[in-house]
Protein chains: 2
Amino acid sequence: MSSKRVLTDRASALPALAEAFREHGFEGATLATLSKATGLGKGSLYNFFPGGKEEMMDAVLENIDGWFANAIFSPLEQALDPAAAITGMFDDVTAYFRSGQRVCVVGCLGLNSAGEAFAAKVKGYFARWISALAHCLEAGKVPPALAANLAEEAVSGIQGAIVLARALGEEASFLRIVQRLQSSLLDAIVRYG
Amino acid sequence: MSSKRVLTDRASALPALAEAFREHGFEGATLATLSKATGLGKGSLYNFFPGGKEEMMDAVLENIDGWFANAIFSPLEQALDPAAAITGMFDDVTAYFRSGQRVCVVGCLGLNSAGEAFAAKVKGYFARWISALAHCLEAGKVPPALAANLAEEAVSGIQGAIVLARALGEEASFLRIVQRLQSSLLDAIVRYG
DNA sequence: AAAAGATTGTACCGATAGGTACATGCGGTA
DNA sequence: TACCGCATGTACCTATCGGTACAATCTTTT
């Protein structure tokens, strides 16, 4: 159990790192910020992440991807009960993004040149989300072409809702938009299911 | 005509500044970047924008807001021909955001703490866009409550389409999403008009 | 053409960026 | 208890950050 200890402490720093990156962005998050956020000194930070900020962000992305895979993608891909899986997805997403007050690190990375180093992971995250959701809709008897469109629209719509809710500074718009997206997916399942 | 000259040159630097901020974000855009982007030395930059980066971004926002007010908000607010105004909006937006490859500076500013200084302008931009669009739909006989929902959905949807298109690195998804948004607005006008 | 003012490049400033080096400390093992 | 190796705080490094100062140059006006 010697090497596990390291991984454990490294992993336990990830939520704080993620939160710091969310709040300040990749460029805006300084080592001082990250140190304060995690409670770890520079020495520890570089001990766990020899690659510096970039490795920290990489680990954060891996961590986020793992969470989504487990909590959201998997249920959609299994899709035992499509309607329930979709309802669950929206519940989880709303909680995760704190009704739009909390930013999507992955989406933000795609927006400026600082995130180019992570382009592959960013693309993978969204591609898998859309395809998982489309698969779930198909399991609910929605025709493939429509399922793909609806899935793309929903994932994109969630990102837009975050941008808008942050800009307006109100959670209500996020909740309204996401509610409509959910309805449109469930309606499709009801119609064809 | 002495003070006019100053304003003219200051204004002519704004597109390049905007592009630099778009590409690197507010924090990521250094004075060196901005200098290279505009072709102006540090001396000139601080001559035109004594307040530094913050004043530059402020001027850029003002400029963008002016462009949108003129090209997009006004036509929607007049709404002589609602359907045509909406079609025109989507055409202009698609061209402006280069089918989603070009980021929305205003939306991005809302996403991290560096943009807090501009919160009021960010909020005003989105609030006016939504209300102009809603007004246009109402002019097309769409009931107020539905018009408000559709307008919110469309503006939010455009932002989401940018995020997704950038993340996936493909313009096609932007075009598909925006096309569907446009159809849903026009359909509402047709239904009630 | 000369004076006045606007415009610009360059040198410079302190602060802080990300990152490295390393001496110290602490926990487990023998 | 003596040892060993990971973990950590601190001091330090260079590059660059945003910003200032100012002398040199251009424009404009007269």
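Residues numbered from 1 in each chain as written. Chains lettered and ligands numbered in written order. Predicted model: local features only at pLDDT ≥ 70, side-chain atom pairs only at ≥ 80, totals over all residues. Heavy atoms only, no water.

The name recorded for chain A in an unreviewed UniProt entry is AcrR family transcriptional regulator, from Novosphingobium sediminicola.

**Quick notes on the overall build of chain A**
Secondary structure assignment for chain A yields 9 helices and 0 strands. When its helices and strands are written in sequence order, chain A yields α-α-α-α-α-α-α-α-α. At 18 Å, chain A has a C-alpha radius of gyration in line with the 16 Å of a compact globule built from 193 residues. Out of the 193 residues belonging to chain A, those deemed buried represent 48%. Within chain A, contacts between residues at least 6 apart in sequence are counted, and of these 68% link residues at least 24 apart. Charge separation in chain A, taken as the distance between the mean sites of 17 positive and 20 negative side-chain charges, equals 5 Å. (Helix = DSSP H or I, 4+ residues; strand = E, 2+ residues; numbered from the N terminus. Rg over C-alpha atoms; globule rule 2.2 N^0.38 Å. Buried < 20%, exposed > 50% of the residue type's maximum accessible area, 1.4 Å probe, protein only. Contact = heavy atoms within 4.5 Å. Lys, Arg positive; Asp, Glu negative; His and termini not counted. Charge placed at Lys NZ, Arg CZ, Asp CG, Glu CD.)

**Re the nonpolar core**
Of all hydrophobic cores here, the largest spans 139 residues; its most connected members are Phe97 and Trp129 of chain A together with Phe97 and Trp129 of chain B. When sequence neighbours within four positions are dropped, the list of residues in contact with Trp129 of chain A reads Phe68, Ile72, Phe73, Leu76, Met89, Val93, Phe97, Val155, Ile158 and Gln159 of chain A. (Core = buried A, V, L, I, M, F, W, Y, C linked by side-chain atoms within 4.5 Å.)

**Side note on helix H8 (residues 144–168) of chain B**
With 25 residues, H8 of chain B extends 35 Å between its outermost C-alpha atoms, agreeing within 8% with the 36 Å of an ideal straight helix rising 1.5 Å per residue. One or two positions beyond H8 of chain B, positive phi appears at Gly169 of chain B, with a value near 70 degrees. (Expected span 1.5 Å × (residues − 1).)

**Remarks on the relation of the copies chain B and chain A**
With an RMSD of 0.0 Å, the operation that places chain B on chain A is a rotation of 180 degrees combined with a shift of 0.0 Å along the axis. In short, the pair behaves as if placed about a two-fold rotation axis. When C-alpha distances to the rotation axis are compared across chain B, the minimum falls at Gly160 of chain B, with a value of 1.8 Å. When the interface residues of chain B are mapped onto chain A, 97% of them again fall at the interface, so both copies present the same face. (Least-squares fit on C-alpha atoms with pLDDT ≥ 70 in both.)

**Here we look at the packing of H8 of chain B against helix H9 (residues 171–192) of chain B**
Residue and element names in this part refer to chain B. Look at H8 against H9: their axes get within 8 Å of each other, and the N-to-C directions meet at 170 degrees. By the criterion of interaxial angle, the relationship of H8 to H9 is roughly antiparallel. Where H8 approaches H9, its residues Leu146, Leu150, Glu153, Ala154, Gly157, Ile158, Ala161, Ile162, Leu164, Ala165 and Leu168 are matched on the opposing element by Ser173, Phe174, Ile177, Val178, Leu181, Ser184, Leu185, Ala188 and Tyr192. (Axes fitted to C-alpha atoms, helices over the stretch in contact; angles between N-to-C directions. Parallel < 35°, antiparallel > 145°, perpendicular 65-115°, else oblique.)

**Some thoughts on the confidence of the model for chain A**
Per-residue confidence for chain A gives a mean pLDDT of 95; residues scoring 70 or more make up 96%. The low-confidence segment residues 1–5 of chain A, where pLDDT is below 50, has 0 contacts with residues more than four positions distant or belonging to other chains. (pLDDT = per-residue confidence, 0-100.)

**A few points about the interface of chain B and chain A**
Taken together, the contact between chain B and chain A spans 36 residues of the former and 35 residues of the latter. At the surface where chain B touches chain A, the tally comes to 6 salt bridges. Its salt-bridge partner being Glu152 of chain B, residue Arg176 of chain A comes within 2.6 Å of it at the nearest N-O pair. Taken together, the connections running from chain B to chain A amount to 18 residue pairs in polar contact (both at pLDDT 80 or more). Elements with a contribution of two residues or more to the side of chain B that touches chain A: helix H1 (2–28), helix H6 (105–109), helix H7 (119–139), H8 and H9 of chain B. Considering every element that reaches the side of chain B that touches chain A, the biggest residue donor is H8 of chain B, with 14 residues. Residue composition of the side of chain B that touches chain A, grouped by class: 14 nonpolar, 13 polar and 9 charged. (Salt bridge = Lys/Arg side-chain N within 4 Å of Asp/Glu carboxyl O. Polar contact = N/O pair within 3.5 Å; in protein donor to acceptor, adjacent residues only side chain to side chain. Nonpolar A, V, L, I, M, F, W, Y, C, P; charged D, E, K, R; others polar.)

**Some points on unusual backbone geometry**
All names here are of chain B. Phi is positive for Arg98, which is not a glycine, with a value near 45 degrees. The residue Arg98 is located in the loop between helix H5 (82–96) and H6 in this model. Among the residues examined, Arg98 registers a relative accessible area of 48% and is labelled partly exposed. At Ser99, a position not held by glycine, the phi torsion is positive, near 55 degrees. Here Ser99 is to be found in the loop between H5 and H6.

**Structural notes on the UniProt feature "DNA-binding region" (unreviewed entry) in chain A**
Using the residue numbers shown here, the UniProt feature "DNA-binding region" (unreviewed entry) corresponds to residues 30–49 of chain A. Annotation note: span residues 30–49 of chain A, helix share 75%, strand share 0%, distance between end C-alpha atoms 15 Å. (UniProt positions renumbered as here; feature names shortened; annotations may be inferred.)

**Some words on the pattern of salt bridges**
Residue and element names in this part refer to chain A. Inspection of the entire model under this criterion finds 20 salt bridges over all chains. Note that Arg128 is salt-bridged to Glu77, the shortest N-O span being 3.1 Å. Of this pair, Arg128 sits in helix H7 (residues 119–139) while Glu77 sits in helix H4 (residues 53–78), and the two are 51 residues apart along the sequence. Its relative accessible area of 28% is what places Glu77 among the partly exposed residues.

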